[in-house]
Each structure stands twice: as C-alpha cells, then as structure tokens.
Amino acid sequence: MTVTLADVAARARVSPATVSRVLNGNYPVAASTRERVLRAVDELDYVLNGPASSLAAATSDLVGILVNDIADPFFGIMAGAAQTEIGGQEGSGRAGGEKLAVVCNTGGSPERELTYLTLLQRQRAAAVILTGGALEDPAHIAAMSAKLTKLADAGTHVVLCGRPPLPGSSAVVASLAFDNRGGGRRLTEHLLALGHRRIGYVAGPAERTTTRHRLEGHRTALAAAGLTDDQGPLTVHGPYDRRSGYKATLELLRRSPDLTAVVAANDTVALGACAAVRDQGLRIPQDISVAGFDDLPFSVDAVPALTTVRLPLHEAGARAGRLAMGTEAPPPGGIATIAAELMARASTAPPRG
C-alpha cells in the first residue's frame with residue numbers, strides 16, 4: 001500500500017502541513033518535531049515526488065555514485081570514469097540519453113551510506129553505483145539488502161564496483177569484484193621469491209571486505225611457504241591513509257626489529273610506511289622492502305618506484321557506468337571478477353644476506 005503524507009503525519013503526531021515544512025525545509029520547525037517527522041519518514045519508507053508504485057515508470061535522470069572518500073584516488077578514478085560514461089560524449093551541448101551523475105561521499109560511515117541511498121530513492125534515481133569494499137556487519141548487510149531491494153523494485157539499476165556481491169540479494173544488476181585475494185597472494189609470493197621471511201603487514205580496517213580479502217591472500221602465500229606461525233604480531237590494522245601506514249610501520253619495527261619487508265594495505269598507506277622506514281635511518285629496499293596495493297598514479301613516481309598490485313580502476317569505473325546506463329549487458333550470473341596484476345618495481349629487493 002502506498003504511504004502518504006497523511007500517514008507520516010499520523011505516525012509523527014503532527015499535521016500534514018508540518019510534515020511538508022520539514023521535508024521542504026522552507027519553514028522553521030522545532031528540532032524535536034523535525035526529528036520525529038524524519039523518524040516517521042524512515043520507518044514508513046515514505047518516498048517524495050509521487051507514489052512508490054509509479055517510480056519504475058518515472059525514474060529521473062539522476063545517477064548516484066557512492067564513495068568512501070572522493071579525495072582518495074582509488075575512489076576518485078572509479079567515480080570519474082563512471083561519470084564520463086553516464087554523462088555521455090562531449091561536444092553535443094544537448095541533453096539526450098545522458099544522466100546527471102552525483103558523487104556521494106560517505107566518509108566510510110555505514111549510516112551515511114544508508115542515508116544517501118534513501119535520498120537517492122526519494123529522488124527516483126535511475127541508477128546507483130556503490131564503490132569499494134563493504135562493511136562486514138550483519139545488521140548493516142541486512143539494512144543494505146532491504147534498501148537496495150526497494151531501489152530495484154522502483155526501477156533503479158544497482159551496480160557494485162570494486163565490491164563483492166551482496167549476500168542474499170537479487171537487487172544488484174551487476175557486481176564487479178576485484179581479485180583482492182589473488183593480488184594479495186601474488187604480492188607476498190613476490191617477496192617470498194626474493195627471499196623474505198619476516199614480512200610485516202599494515203592492514204586496513206578489520207571490518208571491511210577489502211581488508212579481509214587482501215590479508216587472506218597474504219596469509220595464503222605465507223602458509224604455502226610454511227610460514228604459518230607467529231604472524232599475528234606482524235599484522236597491524238588501521239585506516240587506509242598515510243598516517244596509519246607511518247604509525248603501524250613504527251609499531252611493526254618495534255615488535256620485530258628483524259623485519260625485512262612491509263606490505264601495506266594500499267599505496268597511500270605504503271607512502272606512510274616508506275616515511276617511517278626512512279625516519280628510522282633505514283634504506284628502501286636495501287634494508288627493508290616496501291610494497292603497496294592498487295597502483296595509484298603516484299606509485300610509479302615514488303622514490304624508489306613502488307612495487308604494488310595494479311587494479312584497473314578506470315576500466316572498472318567506466319564499465320560500471322555503462323552497466324548503470326544499460327549500454328552494456330551484465331556479466332554471466334551478474335558477477336565479474338576483475339584481475340589484479342603484480343607490478344614489481346624498485347622498492348622491493350632481496351634481503352641483505
């Protein structure tokens with residue numbers, strides 16, 4: 001049954017006029033009243049601009065692209081490539097089949113992620129692209145599944161880019177998942193082949209799928225080499241930023257001064273790791289090898305050039321944009337695994353004898 005403005009008013013115990021004022025934001029309303037109205041809107045899943053049953057036939061020209069941090073090149077590259085596909089070819093000066101892409105910066109907040117999806121639902125978004133790893137929390141997964149199902153039922157195309165499939169959900173048109181496990185395994189195999197045996201790992205946030213998959217790949221390579229003991233102290237978790245890489249690497253060197261290599265969760269973290277190594281009077285790679293992940297544009301210009309794992313971020317983002325627009329057919333089964341490529345550069349070398 002369609003939820004009306006009157007239903008929201010009854011749930012919030014206010015007049016329909018008050019609900020309208022809160023939603024339009026054009027009249028002062030007491031904070032407690034506003035909170036009550038917004039809570040009722042969420043509980044009833046009230047959708048603005050027409051009944052929910054008509055959304056499939058009346059989607060807008062809006063496409064939402066959700067990112068954790070637009071300042072992070074990992075997300076910026078994917079979002080930019082997707083936006084180019086969504087916006088259409090340059091030069092016509094006319095609006096034809098193009099859509100308006102809006103980048104939504106969640107800051108890694110699961111609550112904000114759900115809020116953006118609700119706002120996009122209310123705006124009758126034609127498509128939604130979610131980028132990067134997912135939060136591994138059962139309550140959030142259930143909430144995401146429910147929200148994406150409502151979006152899909154309303155005619156919105158849902159595409160995951162760089163994110164594994166959502167368990168138990170049929171709402172997603174396509175999931176483009178990076179081979180983070182395979183990339184993590186190949187990176188550590190590279191270090192092992194050089195002769196490293198004491199390898200520290202600066203991991204991302206423990207609750208993220210990307211973190212778990214890359215760390216699993218790393219540990220699979222260690223296990224295959226017979227290095228299964230005493231790995232816990234050689235792993236430190238933290239945010240995906242330079243400061244985390246710096247602090248975590250200092251902690252790893254404190255725990256294990258005999259480290260010969262450090263693997264970082266991504267290239268930005270690896271820059272922090274390199275700074276920490278140098279601040280301890282050590283050389284890269286003569287004393288300690290350092291490796292990253294993602295192959296962001298600056299990695300090849302680092303000194304020394306950073307060994308990393310290349311993810312085709314631009315290609316993945318562009319493909320997600322085409323899938324969102326319906327100009328490319330979904331992969332078989334709706335899931336595509338995107339390969340990760342080892343980029344061996346000057347920041348890794350055999351350990352000193």
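These figures come from a predicted structure and were not determined experimentally. (Residues numbered from 1 in each chain as written. Predicted model: local features only at pLDDT ≥ 70, side-chain atom pairs only at ≥ 80, totals over all residues. Heavy atoms only, no water.)

J.: What's the story with the overall build of the protein in this structure? I'm lost.
T.: Secondary structure assignment for the protein yields 11 helices and 12 strands. Overall, the C-alpha framework of the protein stretches about 75 × 45 × 35 Å when taken along its three principal axes. For the protein, the residues scored as buried account for 49% of the 353 residues in total. Across the protein, the fraction of contacts at a sequence separation of at least 24, relative to all contacts at a separation of at least 6, is 73%. Working note: accessible area of the protein is about 15,800 Å², and carbon and sulfur atoms make up 53% of it. Within the protein, one finds 35 positive and 34 negative side-chain charges whose respective centroids are separated by 3 Å. (Helix = DSSP H or I, 4+ residues; strand = E, 2+ residues; numbered from the N terminus. Buried < 20%, exposed > 50% of the residue type's maximum accessible area, 1.4 Å probe, protein only. Contact = heavy atoms within 4.5 Å. Areas by Shrake-Rupley, 256 points an atom, 1.4 Å probe, with all protein chains shown as cover. Lys, Arg positive; Asp, Glu negative; His and termini not counted. Charge placed at Lys NZ, Arg CZ, Asp CG, Glu CD.)

J.: What is the right way to read the pattern of salt bridges from this model?
T.: Close approach of charged atoms lets side chains of opposite charge pair. By the definition in use, this model includes 20 salt bridges. Across the salt bridge formed by Arg186 and Asp179, the nearest N and O atoms sit 3.4 Å from each other. Overall, the relative accessible area of 22% leaves Asp179 in the partly exposed class. Among the ionic pairs, Glu216 bridges to Arg212, the shortest N-O distance being 2.9 Å. Here Glu216 and its partner Arg212 are both found in helix H8 (residues 209-224), 4 residues apart, which amounts to about one turn of the helix. The class for Glu216 is partly exposed, based on a relative accessible area of 29%. (Salt bridge = Lys/Arg side-chain N within 4 Å of Asp/Glu carboxyl O.)

J.: Explain the nonpolar core here, please?
T.: General note: in soluble globular proteins, nonpolar side chains tend to be found buried as a group. Residues Ile65, Phe74, Ile129 and Phe178 are the most contacted members of the largest nonpolar core, which totals 41 residues. It is helix H4 (residues 73-87) that provides the largest number of residues to this core, a total of 6 residues. With residues near it in sequence (within four places) discarded, Phe178 still touches Phe74, Met78, Gly162, Leu311, Leu313, Ala316 and Ile338. Core analysis: the second largest hydrophobic core is formed by 19 residues, Leu234, Val236, Val262 and Cys274 among them. (Core = buried A, V, L, I, M, F, W, Y, C linked by side-chain atoms within 4.5 Å.)

J.: Which parts of the structure should I look at to understand the pairing of strand E4 (residues 157-161)?
T.: Side chains on a regular strand alternate between the two faces of the sheet. Burial runs high along E4: 4 of the 5 residues are buried. Of the strand pairs in this sheet, strand E3 (residues 127-131) and E4 are connected by 5 bridges, and their pairing is parallel. When the sheet's bridge partners are listed, Val128 is paired in E4 with Val158. Note that the unit made of E3, helix H6 (residues 138-153) and E4 has a crossover that is right-handed. Of the pairings in the sheet, the one linking E4 to strand E5 (residues 174-178) comprises 3 bridges and is parallel in character. Within E5, the residue paired with Leu160 across the bridge is Ser175. (Pairing = 2+ DSSP bridges. Right-handed = clockwise from strand over helix to strand, strands pointing away.)

J.: I'm lost on the sheet that holds strand E1 (residues 62-67) in this one. Help?
T.: Within a sheet, each strand pairs with its neighbour through backbone hydrogen bonds, oriented either parallel or antiparallel. Ordered in space as E2-E1-E3-E4-E5-E11, the 6 strands form an open sheet in which the pairing is parallel. For this open sheet the edge positions go to strand E2 (100-105) and strand E11 (335-338), each flanked by a neighbour on one side alone. Geometrically, the sheet is characterised by an average inter-axis angle of 15° between neighbouring strands, direction not taken into account. Of the strands in this sheet, E1, E2, E3, E4 and E5 are in contact with H4, which crosses E1 at around 170°. (Axes fitted to C-alpha atoms, helices over the stretch in contact; angles between N-to-C directions.)

J.: Looking at this structure, how should I read the packing of helix H7 (residues 180-194) against H8?
T.: When two helices pack together, their arrangement is given by the angle between the helix axes and the distance between those axes. Remark: H7 packs on H8, axes separated minimally by 7 Å, with the N-to-C direction vectors making an angle of 40°. Pair H7 / H8 crosses with right-handed handedness. Of the residues in H8, those in contact with Asn180, Arg181, Gly184, Arg185, Thr188, Glu189 and Leu192 of H7 are Thr210, Arg212, His213, Arg214, Glu216, Gly217, His218, Thr220, Ala221 and Leu222. Here the contact of H7 with H8 is built from residues that sort into 3 nonpolar, 8 polar and 6 charged. (Left-handed = near helix turned anticlockwise from the far one by under 90°. Nonpolar A, V, L, I, M, F, W, Y, C, P; charged D, E, K, R; others polar.)

J.: Help me understand the sheet that holds strand E8 (residues 261-264), please; the structure alone is not making it clear to me.
T.: Spatially, the 4 strands line up as an open sheet ordered E7-E6-E8-E9, and their pairing is parallel. This sheet does not close on itself; its edge strands, each paired only once, are strand E7 (235-237) and strand E9 (289-291). Averaged over all pairs of adjacent strands, the angle between their axes in this sheet comes to 15°, without regard to strand direction. Running at roughly 170° to strand E6 (residues 199-203), H8 makes contact with E6 and E7 of the sheet.

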